[in-house]
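One-letter residues, chain by chain:
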Amino acid sequence: MNGSPLPHFLLASLTGVVIAVDQITKLRVMQTMRLHESIPVIPNFFSLTYIRNPGAAFGLLAGSSQTFRMIFFGATSLFALGLLSAILLRMPERDRMGRFSVAGILGGAIGNLIDRIKYGEVIDFLDFYINDYHWPAFNVADSAITVGVIFLIIHFSLEKKEAPSSSEGASVP
């Protein structure tokens, strides 16, 4: 089944689903909640909290000028998308876990890039905490990136490297 379009379709579908779910959930939050509004779902553990993050992960660079952020995030996003696409295209077709992980990361990166282009910042709303100790709010795109990276780390750490046997390439006198 070498060269079949099905694996490429499945990867593109996963990337598209991540982008669609990310954008639909963000749109729903923006339409139904006020900025900074928080709706407890599980008391003292999880709320839906509408925030906008002008910075990177954990609010890094949030205090920088908007021009700097747009140039920096635009350039790094384009680089990351190019790199992820190249990695995805070069991974062997049989490496399903690796390819699906990268496709999820790619979908998440595109989802957050769409926010940066449309709004100049990323919409976050998933807020986990224990009493007053909060993990920084995040979104579906961030989740896809995180899960994809975790699966890649697991995949590469469990991947068996085939070492050449001692008889290969050695001449016997």
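Quick note: structure is the one above.
In this report, we go over the structure that sits alongside the text. Just so it is clear, the model here is predicted, and its values are computed rather than measured.

## Some remarks on the packing of aromatic side chains
- This model, assessed by the stated rule, comprises three aromatic pairs.
- Here the aromatic rings of F45 and F128 are separated by 5.5 Å at their centres, their planes lie at 80°, and the arrangement is edge-to-face. In this pair, F45 sits in the loop between β1 (38-42) and β2 (46-53) while F128 sits in strand β3 (residues 122-130), placing the two residues 83 residues apart along the sequence.
- Judged by relative accessible area, which is 37%, F45 ranks as partly exposed.
- Note on F128: relative accessible area 30%, which makes it partly exposed.
- Here F128 and F138 contribute two aromatic rings whose centre-to-centre distance is 5.9 Å and whose plane-to-plane angle is 15°, an arrangement assigned as stacked. With F128 in strand β3 and F138 in the loop between β4 (133-134) and α4 (140-158), the pair connects residues that are ten residues apart, well separated along the chain.
- A relative accessible area of 17% places F138 in the buried class.
- Put simply, the rings of F45, F46, F128 and F138 pair up and form one aromatic cluster.
- Between the NZ or CZ atom of R52 and the centre of the ring of Y119, over which it lies, the distance is 5.0 Å.

## Quick look at the nonpolar core
- Core analysis: the largest hydrophobic core is formed by eleven residues, namely L11, L81, L84, L88, M91, V102, A103, I105, L106, L113 and L152.
- Put simply, the parts of the chain that give this core at least two residues each are α2 (66-90) and α3 (96-119).
- Among the elements that line this core, the one with the most residues is α3, at five residues.
- With nine residues, the next largest nonpolar core counts M30, F46, Y50 and F138 among its residues.

What counts, and at which threshold
- Residues numbered from 1 in each chain as written.
- Predicted model: local features only at pLDDT ≥ 70, side-chain atom pairs only at ≥ 80, totals over all residues.
- Heavy atoms only, no water.
- Phe/Tyr/Trp six-rings, centres within 6.5 Å; stacked < 30°, edge-to-face > 60°.
- Helix = DSSP H or I, 4+ residues; strand = E, 2+ residues; numbered from the N terminus.
- Buried < 20%, exposed > 50% of the residue type's maximum accessible area, 1.4 Å probe, protein only.
- Lys NZ or Arg CZ within 6 Å of the ring centre and 35° of its normal.
- Core = buried A, V, L, I, M, F, W, Y, C linked by side-chain atoms within 4.5 Å.

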